[in-house]
Amino acid sequence: MYTPHVISIIIAVGAFMACFLPRALLTHVERAGPSRIPVTATNGDTCTATGIASVIAAIIARTASGGNVRDAFREQYGMEFATSTITPARAAATLRRHATTDETEQDIVRIARQLASACLLSERLGCGAAHCLQSVSDSYRRDCRARDLRREAFAAPKATIVLLSVLPLATVGLGEFMGARPLAFLFGSARGAICLFLGLAWYAIGLLWIRQLFARFATHGHDDQPLPLLLEMIGAALSQGAPIPTALSAVGQTVGGRLATVLREAGAALLRQSTWHEAWVGACATLDEDDNRDKNGDGTTAGIGGLGGFGSFGSLGAIGDTRGTGSGTADSDINAQAHETAAGETATRTTTRKTASKSATGKTATEAGSTIERNAILIADCLEDAWVHGSSPMERLRLAVEECESTERSAIEQAAARLSVQLLAPTGLCFLPSFILIGIIPAIASFAA
């Protein structure tokens, strides 16, 4: 029948299709972070993999029943801490001992930072730690639901591609079973070798193409302090009796990120008796100054550009500044100041556009700044009625968290739909020619012979 050399080639081709395909498709879909080495206790005991969610729930239950944070983490870690401060490293070590195989090192580090921030917020405000830690627990459960939804959404495209990818090998096997002997054509003639080479080449190109598509849509990053977590931390601080300026400043000081900087600056401005609009405009102006400084690259600013979604805040702030000049200001002076302000804003916008068009990095920074400003608008909108009228902001914060979750769920579903459409290109341009060259042509040639 076939020589050992031919048989070895057949085995190699089968191993290529059976092994390389799952690696190519699942690398960026199933794994959301680097691999994690199982942890063994220092005393030789085996650590129970109960999961991150159960560890956080146990810590919350311990603190809610009257225990302190240090004792709660110590009981979960199994060892004493030298100090009472819960650092990200200590929290990560505690989570790592109980994490399951599905929970990656990236998840552990991210949740550890959030737990440390929640503990620090509790210390700064002097409130119960259970409410702050509950925000982290809810945030992690949302991440788990989004991860499960992402897996379900991408399961159908994965199954379709796997089925189309194994069709050439299945066709060759079916041809051999029917007696057409396509392998004799592929390995026994020059034309068959050309068909095999071209088919494998198209097959490999299709796999690489699919790998890039899945990497683009399935790979996702997590913010250390996502917007829903910040909203819930602010709600936890307010529910414990903290004023809005104190809550904003405390949350901004305990968490990291540029949005936290905006919260910290807004809270500090409110404590300095600034108006609501002035505080948020000034906080976002500091953010825009940092963006312009980064885009110039020389430490100088090209001026504060448009405040994005804070245009209404900026207008109100300008009106307030004009009214504050005194009753003796003439209308002509006011009009002149308005024209100068408009001209300055126009020149600033022009300079910002020119600067952003010079560098792709500047464009990315601008887009990131716009996202932060939109998030800051959302937070300010949730708290404005409470600041102006004294009403409770808890319902507005809860609705904002639900809206964020709904937006993320919609984005995952839309990404899966786009991926299903884009997968038609490698299917028609790569896998279909590979199927014809490896499966159809050898079968027809064998029957014709």
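See above for the structure.
Notes on the structure in this doc start here. Note that this is a predicted model, so its numbers are computed, not measured.

### Remarks on the nonpolar core
Phase 1: Formed by 69 residues in total, the largest nonpolar core has its most connected members in Phe 73, Leu 115, Trp 280, Ile 379 and Leu 383.
Phase 2: Sort the elements by how many residues they give to this core and helix α10 (residues 227–239) lands first, with 8 residues.
Phase 3: Not counting residues up to four positions away in its chain, the partners in contact with Phe 73 are Ile 59, Phe 81, Ile 86, Ala 91, Thr 94, Leu 115 and Cys 119.
Phase 4: Residues Phe 154, Ile 161, Tyr 203 and Phe 214 belong to the second largest nonpolar core, which totals 12 residues.

### Considerations on the pattern of salt bridges
Two side chains that carry opposite charge are able to pair once their charged atoms sit near each other.
Phase 1: Throughout the structure, instances matching the rule amount to 14 salt bridges.
Phase 2: One salt bridge connects Arg 147 with Asp 107, and the closest N-O pair in it is separated by 3.7 Å. In this pair, Arg 147 is assigned in helix α6 (residues 129–165) and Asp 107 in helix α5 (residues 105–125), connecting sequence segments 40 residues apart.
Phase 3: Here Asp 107 falls in the buried class, since its relative accessible area comes to 6%.
Phase 4: The salt bridge involving Glu 395 is made with Arg 398; its shortest N-O contact spans 2.2 Å. Of the two residues, Glu 395 and Arg 398 are both situated in helix α17 (residues 394–422); the distance of 3 residues between them amounts to about one turn of the helix.

### Regarding unusual backbone geometry
Note on backbone geometry: most residues besides glycine have negative phi, and most peptide bonds are trans.
Phase 1: Phi at Gln 273 takes a positive value of approximately 70°, unusual for a residue other than glycine.
Phase 2: Mapped onto the secondary structure, Gln 273 falls in the loop between α12 (258–271) and α13 (276–296).
Phase 3: Take Gln 273: its relative accessible area is 71%, and that puts it in the exposed class.

### Quick notes on the environment of Ile 440
Phase 1: Position of Ile 440 relative to the elements: it lies in helix α18 (residues 424–448).
Phase 2: A residue is classified by how much of its surface remains accessible, and Ile 440, at 31% relative accessible area, is partly exposed.
Phase 3: Note: C-alpha distance between Ile 440 and Val 172 (268 residues apart in sequence) is 8.5 Å.

### Comments concerning helix α3 (residues 69–77)
Phase 1: Listed as buried for α3 are Val 69, Asp 71, Ala 72, Phe 73, Gln 76 and Tyr 77.
Phase 2: In this fold, the buried residues of α3 make contact with α2 (52–64), α4 (88–98), α5 and α6.
Phase 3: A positive backbone phi angle near 90° is found at Gly 78, which sits one or two residues after α3.

### A short note on the packing of α4 against α5
Phase 1: In contact at an axis separation of 8 Å, α4 and α5 are set at 130° when each is read in the N-to-C sense. In terms of orientation, α4 lies oblique with respect to α5. Regarding α4 and α5, the two cross each other, and that crossing is right-handed. Across the interface between the two elements, Pro 88, Ala 91, Ala 92, Leu 95 and Arg 96 of α4 pack against Glu 105, Ile 108, Ile 111, Ala 112, Arg 113, Leu 115 and Ala 116 of α5.
Phase 2: Of the residues belonging to the contact of α4 with α5, the class tally is 9 nonpolar, no polar and 3 charged.

What counts, and where the lines are drawn
- Residues numbered from 1 in each chain as written.
- Predicted model: local features only at pLDDT ≥ 70, side-chain atom pairs only at ≥ 80, totals over all residues.
- Heavy atoms only, no water.
- Core = buried A, V, L, I, M, F, W, Y, C linked by side-chain atoms within 4.5 Å.
- Buried < 20%, exposed > 50% of the residue type's maximum accessible area, 1.4 Å probe, protein only.
- Helix = DSSP H or I, 4+ residues; strand = E, 2+ residues; numbered from the N terminus.
- Contact = heavy atoms within 4.5 Å.
- Salt bridge = Lys/Arg side-chain N within 4 Å of Asp/Glu carboxyl O.
- Axes fitted to C-alpha atoms, helices over the stretch in contact; angles between N-to-C directions.
- Parallel < 35°, antiparallel > 145°, perpendicular 65-115°, else oblique.
- Left-handed = near helix turned anticlockwise from the far one by under 90°.
- Nonpolar A, V, L, I, M, F, W, Y, C, P; charged D, E, K, R; others polar.

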